[in-house]
Amino acid sequence: MHDTTTRTTMRLERFVKDWLEPAVLRETRPLDVEAWTVGGEPVPFADAVAASYAPFALGSPWGRPWDTTWFHVTGDVPAGWSGDAAPAGTRVELVVDLGFTGAGPGFQAEGTAWTPDGRIVKAVEPRNQHVPLVAGQALDADGRVDLYVEAAANPDVPGGAWTRPTPMGAWETSGPDPIYVLRTMHVALVDETVWELLQDVRALHGLVRVLPGTAPRAAEVLRALEDMLDAVDPDDVAGTAAAGRAALAPALAAPAAASAHRVHAVGHAHIDSAWLWPTRETVRKCARTFSNVLSLMDEDPDVRFACSSAQQYSWVQEHYPELFERIRERVREGRFVPVGGMWVESDTNMPGGEALARQLVAGKRYFIEELGVEPKEVWLPDSFGYTAALPQLARLAGSDNFLTQKISWNDTNTMPHHTFWWEGIDGSRVFTHFPPVDTYNSDLSAEELARAERQYAEKGRANTSLVPFGFGDGGGGPTREMVAAARRTRDLEGSPRVELSDSQSFFDAARAEYASPATWTGEMYLEYHRGTYTSQARTKRGNRRSEHLLREAELWAATAAVRAGAEYPAERLQRLWRTVLLQQFHDILPGSSIAWVHREAERNYAEVARELEEIVDDALRALVGQGDRPVAVNAGPFARDGVAGLGATVLEAPRGAGTVTPVPGPDGDGWVLENDLVRVVVDPNGHVVSAVDRRSGREAILPGARANLLQLHRDVPNEWEAWDIDEHYRRSTTDLVGAAKIEVADGASGPVVRVLREFGSSRVEQDLALPADGRGLRITTRVDWHERQKLLKLAFPLDVRAERATSEIQFGHVHRPTHVNTSWDHARFETVAHRWVHVGEPGFGVAVANDSTYGHDITRTRTADATDAQGARGTTVRLSLLRAPKFPDPDADQGEHELTCELVVGAGIDDAVRHGYALNLPERVVPGAHGVEPLVRVDDDAVVVEAVKLAEDGSGDVVVRLYESRGGRARARVTPAFAHASVEVTDLLERPLAGADGAAARDGDAVLLELTPFQVVTLRVRR
Ligand SMILES: [Zn+2]
């Protein structure tokens, strides 16, 4: 036979575009449109419906960026379109085109259709523009159209250019002019047979595109499509569509191969809680997407929808109670399925240990209490890499499965597995799936299904994967076209077998077919978006401060409740926690949102800090009594300066100067800061050229090198400005060596060496201070930052030969190689750490602690005079202090910052842990009458108390969370120092653990705990 593949395909494409698609709407009629523009922030429906509307003509502009226009659309459904007179195989719909652009759903104008009594019907978005006009639901009692469309003029922020600065990221800068034109608002008679034929054609045409041209099946499908083209008359598509469908039926009936990949297609909408829109818009996005889903479920009972993020349900509950009740009903039916169990889909690199635990606690408690279900998987398709602490926290929250997709974005290496055990730092593991389809926004096209099958790495041992389908990021959700694709690929030769499913069914099936998956151990580092540890430094600082203030507030409020009978501000703490948890969302804390989001985050953090300080003040006043004696308060887990951890002590004598007085250097050059433990030499330019551990005599600074060296890099990533640091940044470095001024000055705790540097349009002032009795040189860096596309690093070249570096993560630490032997090591050129990093040789180490920095790089370093024979003698630790990306926030990081770090000479891991807490939990001194006995004492410093609080259930029980911090075994006596009835070991949600795990061995008043490396234990002490 002659090969006509190309000609037939061209014929098919023209037929679809010019005849088949236009024939779906058999007829349309105009409606009357009136409009009212809000001119500001969104208003509730009741306000909108009471406004005064003016006639509005199709083709008119509407909507300045971020504004809302309400359209009131009314008119008759033409006689003969509905009821008994309706033509067979038709339905009636409202069709709306708000002026949709080429951008995807969720990245431009969106609308919500309401009935006059305030019920949401469905959203209108590009590629999902219809509102079903069903009697009793969207039509009034007379069968007339009477609807309101709340149209959000959300701008397309990137406008196709993901690196160009945009004014669209804030109301004030986005301009006064309308950006959309209302194109369509009419009632339409939909031809269902034509629509079905269009779906048949799309499914089969997709197959032809993905099958090898030489495959018999491809030819068979192409011939069937040709027969369809011959059968359908372009002049009478409606009249011949059934014949077209008949021509395709045999091709659609051919069953899948026995070995076909099996796909669990799970309806989904990954809605970013803030990103290229503010959180207030996400509230409406949730309403739009969820109402789309409910509408789809009305049409197809088999559709299931996986929906994460308790925060998003909670928004809908607060703002759209009627919609929420409908969702609750579908949740009860198992169709609308809460997944993930977290408050938001948070970043997992930067949230602290307790905060990451609280993501699960707050999320799961919400799902259990409000929706009556407990998700059993952690669902994080889009977060930028996954901490090795997560498997344990997931398990301790009662979840045993994990889903991610983002690792497919790696720029260098390919994950070897799609279904595997993921094992964390403590040895806990979760059953993990990484969908081979490589998207969480699938449309179930043949291309995507074929990709899932092609890439699936477990072939031969297992054969099932999950495909999340539906428009996501900006919302939208699954469409009926996607469901139609699933229906046609249920059992179709040449395609994977697709079944409409849910997350739990997938995990059950995957576990059942795969007895021994491989294990991935440790973090799942994302080889991408490495700038997200640093961008938007004020947001990061706000997070770090909030986490530690929350610890203090809970600790002192719980102590005051037990010791002084004070009321525990449970609701207030819950509200503050929820704000902090929301802002750990994977585009807020990582710094990848528009200006609006970050300015709002900064305001929220300031308010959170104000309220938490108030809670701390109230609690401490209740605890230390009335008086004017100075009481030193230590919220940290370790005793410090004579004050027990978690306690407070009256200072009998005033504390002396906190820091040593710098003396001029040996030749009158620079300064020396010295105490009994450490001797530090600062050169005339403010660099640390020597730091000696006096006990061992060991020098910490690499010979000939300068520590406390600020380095400025050109930072122009290839694509994602705020997200990425590209490796080539290292090849453009300016050392900021000159000091404009250096002097001894009065710092907050005593004398400091103060260095001023000026460069570009910016200035940096640094205070170097050594405490009278500690080994940590504290460096406070105040920056007035006006650079663009620059990365500011602070370097410490250390005379330590370290094969690996140790970085704090949640409830423990990870080791990462300092060499770049493999492509995996090389790609890990920027890493995240929490309060400290550490490098060491046996018997000697150095820690660098920080109070608000997350991004680091730690590399092997040769001395300047090294011979060819001499490799890396030292290790350079660098902190990434500031960036200045131009997209999506063109002014990211501009202005003032203060960042503190500490160089701890002669430090073990235990010292690093101690300094990390101390730097982030500064001592308070308050006036009072007496000290405070800690609520709980732990006799082993390896075992660290991370949280002390009252139980979430309001019982008044005291909950203590602690962990083994050094990566070893520990035996600890934990003594609650108050009257109590019993002590139980619980999960993170404060539920008793079953069996031996739940039993706490008693010894008098104490509990004896045996902890394995990095084990997290939650104790509930019943009063
Ligand atoms: Zn996302």
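Residues numbered from 1 in each chain as written. Predicted model: local features only at pLDDT ≥ 70, side-chain atom pairs only at ≥ 80, totals over all residues. Heavy atoms only, no water.

Before going further, it helps to examine the overall build of the chain. Helix and strand content of the chain: 18 helices and 53 strands. Relative to its length of 1023 residues, the chain is compact, with a C-alpha radius of gyration of 31 Å against a globular reference of 31 Å. Counting across all 1023 residues of the chain, residues that qualify as buried make up 62%. Here the analysis covers contacts within the chain between residues at least 6 apart in sequence; of these, 75% occur between residues at least 24 apart. As displayed, the chain offers around 36300 Å² of accessible surface, 49% of which is attributable to carbon and sulfur atoms. Seen as two clouds, the 108 positive and the 148 negative side-chain charges of the chain have centres 3 Å apart. (Helix = DSSP H or I, 4+ residues; strand = E, 2+ residues; numbered from the N terminus. Rg over C-alpha atoms; globule rule 2.2 N^0.38 Å. Buried < 20%, exposed > 50% of the residue type's maximum accessible area, 1.4 Å probe, protein only. Contact = heavy atoms within 4.5 Å. Areas by Shrake-Rupley, 256 points an atom, 1.4 Å probe, with all protein chains shown as cover. Lys, Arg positive; Asp, Glu negative; His and termini not counted. Charge placed at Lys NZ, Arg CZ, Asp CG, Glu CD.)

Once that is clear, we can look at the pattern of salt bridges. Considering all chains together, one arrives at 94 salt bridges under this definition. The residue Arg883 makes a salt bridge to Asp715 at a minimum N-O spacing of 2.7 Å. Here Asp715 lies in the loop between β30 (709-714) and β31 (733-736) and Arg883 lies in the loop between β43 (874-882) and β44 (895-905), a separation of 168 residues in the sequence. Overall, Arg883 belongs to the buried group, its relative accessible area being 0%. By relative accessible area, Asp715 is classed as buried at 3%. Where Arg873 meets Asp799, a salt bridge forms, and the shortest distance between an N and an O atom there is 2.8 Å. With Arg873 in the loop between β42 (855-861) and β43 and Asp799 in the loop between β36 (790-798) and β37 (804-809), the pair connects residues that are 74 residues apart, well separated along the chain. What makes Arg873 partly exposed here is its relative accessible area of 42%. On the basis of relative accessibility, which here comes to 9%, the residue Asp799 falls in the buried class. Overlapping salt bridges bring together Glu41, Glu110, Glu150, Arg280, Glu281, Arg284, Lys285 and Arg288 as one network. (Salt bridge = Lys/Arg side-chain N within 4 Å of Asp/Glu carboxyl O.)

What follows covers helix α6 (residues 279-299). Every α-helix carries 3.6 residues per turn, so stepping three or four residues along brings you back to the same face. Between its first and last C-alpha, α6 extends 30 Å over 21 residues, near the 30 Å set by a 1.5 Å rise per residue. Among the 21 residues that make up α6, 19 are buried, leaving the element largely enclosed by the rest of the structure. (Expected span 1.5 Å × (residues − 1).)

With that settled, the discussion passes to empty space enclosed by the protein. Considering all chains together, one arrives at 7 cavities of 30 Å³ or more under this definition. Here the largest cavity defines a volume of roughly 220 Å³. Along the walls of the largest cavity sit 23 residues, with Gly352, Gly353, Glu547, Arg835 and Glu946 positioned nearest its centre. When residues of the lining of the largest cavity are traced back to their parent elements, those giving at least two are α9 (353-371), α14 (537-564), β37 and β47 (943-950). Split by residue class, the lining of the largest cavity holds 10 nonpolar, 5 polar and 8 charged. (1 Å grid on protein atoms, 1.4 Å probe; cavity = no way out; pocket = protein on both sides within 12 Å on 5 of 7 lines; lining within 4 Å. Points joined across faces, edges and corners; volume = space filled by probe spheres on them. Nonpolar A, V, L, I, M, F, W, Y, C, P; charged D, E, K, R; others polar.)

So, about the sheet that holds strand β53 (residues 1016-1022). In space, the 4 strands of this open sheet follow the order β47-β48-β53-β50, with antiparallel pairing throughout. Where the open sheet ends on each side, the last strands, each with one partner, are β47 and β50 (982-986). Neighbour-to-neighbour, the strand axes of this sheet turn through a mean angle of 25 degrees, independent of strand direction. Contacting β47 and β48 (958-964), α14 crosses the sheet at an angle of about 65 degrees to β47. (Pairing = 2+ DSSP bridges. Axes fitted to C-alpha atoms, helices over the stretch in contact; angles between N-to-C directions.)

Before going further, it helps to examine the packing of helix α1 (residues 5-23) against helix α3 (residues 192-210). Relative orientation and spacing of two packed helices are given, respectively, by the angle between their axes and the distance between those axes. Contact pair α1 / α3: the axes reach a minimum separation of 10 Å and the direction vectors enclose 155 degrees. Classified by the angle between their axes, α1 and α3 sit roughly antiparallel to one another. Every pair of crossing elements has a handedness; the one defined by α1 and α3 is left-handed. Taking contact as the criterion, the partners of Thr9, Leu12, Glu13, Val16, Leu20, Glu21 and Ala23 in α1 are, on α3, Val194, Leu197, Leu198, Val201, Arg202 and His205. Classifying every residue of the contact of α1 with α3 gives 8 nonpolar, 2 polar and 3 charged. (Parallel < 35°, antiparallel > 145°, perpendicular 65-115°, else oblique. Left-handed = near helix turned anticlockwise from the far one by under 90°.)

Turning next to the coordination of the zinc ion. Looking at the metal site, the zinc ion is ligated by His270 (NE2), Asp272 (OD), Asp382 (OD) and His586 (NE2), spaced 1.9 to 2.1 Å from it. Around the zinc ion, the 4 donor atoms sit at angles spanning 92 to 157 degrees, and that spread fits a shape best called irregular. For His586, a relative accessible area of 0% corresponds to the buried category. (Donors = N, O, S within 2.8 Å, 3.2 Å for Na, K, Ca; no water. Tetrahedral: all angles 85-135°; square planar, octahedral: opposite > 155°, others 65-115°.)

Moving on: the layout of surface pockets. Approximately 1400 Å³ is the volume attributed to the largest pocket. The element contributing the most residues to the lining of the largest pocket is helix α18 (residues 909-920), with 7 residues. Empty space within the second largest pocket amounts to approximately 1000 Å³. The wall of the second largest pocket is formed by 41 residues, among which Arg127, Leu198, Gln199, Arg202 and Glu481 lie closest to the centre. Contributions of two or more residues to the lining of the second largest pocket are made by α1, β6 (90-97), α3, α11 (446-455) and α12 (480-488). Considering each element in turn, the lining of the second largest pocket owes the most residues, 10 residues, to α3.

Here we come to the packing of aromatic side chains. The geometry of an aromatic ring pair is captured by two quantities: the separation of the ring centres and the angle between the planes. Counting across every chain of the model gives 39 aromatic pairs. Ring centres of Trp36 and Tyr53 lie 6.4 Å apart, and the angle between their planes is 55 degrees; on these two criteria the pair is classed as tilted. In this pair, Trp36 sits in strand β2 (residues 32-37) while Tyr53 sits in the loop between α2 (45-49) and β3 (54-55), placing the two residues 17 residues apart along the sequence. A relative accessible area of 16% means that Tyr53 is categorised as buried. An angle of 80 degrees between the planes, with centres 6.1 Å apart, marks the rings of Phe638 and Tyr917 as edge-to-face. Residue Phe638 is found in the loop between β23 (629-634) and β24 (647-650), and its partner Tyr917 is found in helix α18; the two are separated by 279 residues along the sequence. The two residues Phe638 and Tyr917 agree in class, both being buried. In textbook terms, an aromatic cluster arises when at least three aromatic residues are bridged by ring pairs, as seen for Phe107, Trp162, Trp275, Trp277, Trp409, Tyr528, Trp720, Trp723 and Phe887. (Phe/Tyr/Trp six-rings, centres within 6.5 Å; stacked < 30°, edge-to-face > 60°.)

This part is about the sheet that holds strand β18 (residues 419-423). The 5 strands are arranged β16-β17-β19-β18-β22 in an open sheet whose pairing can be described as mixed. Each having just a single partner strand, β16 (377-379) and β22 (519-521) make up the two edges of the open sheet. When strand polarity is set aside, the average angle formed by the axes of neighbouring strands in this sheet is 30 degrees. When β16 meets strand β17 (residues 401-403), the two strands line up parallel, connected through 3 bridges. By the bridge assignment for β17, Glu377 is matched with Asn401.

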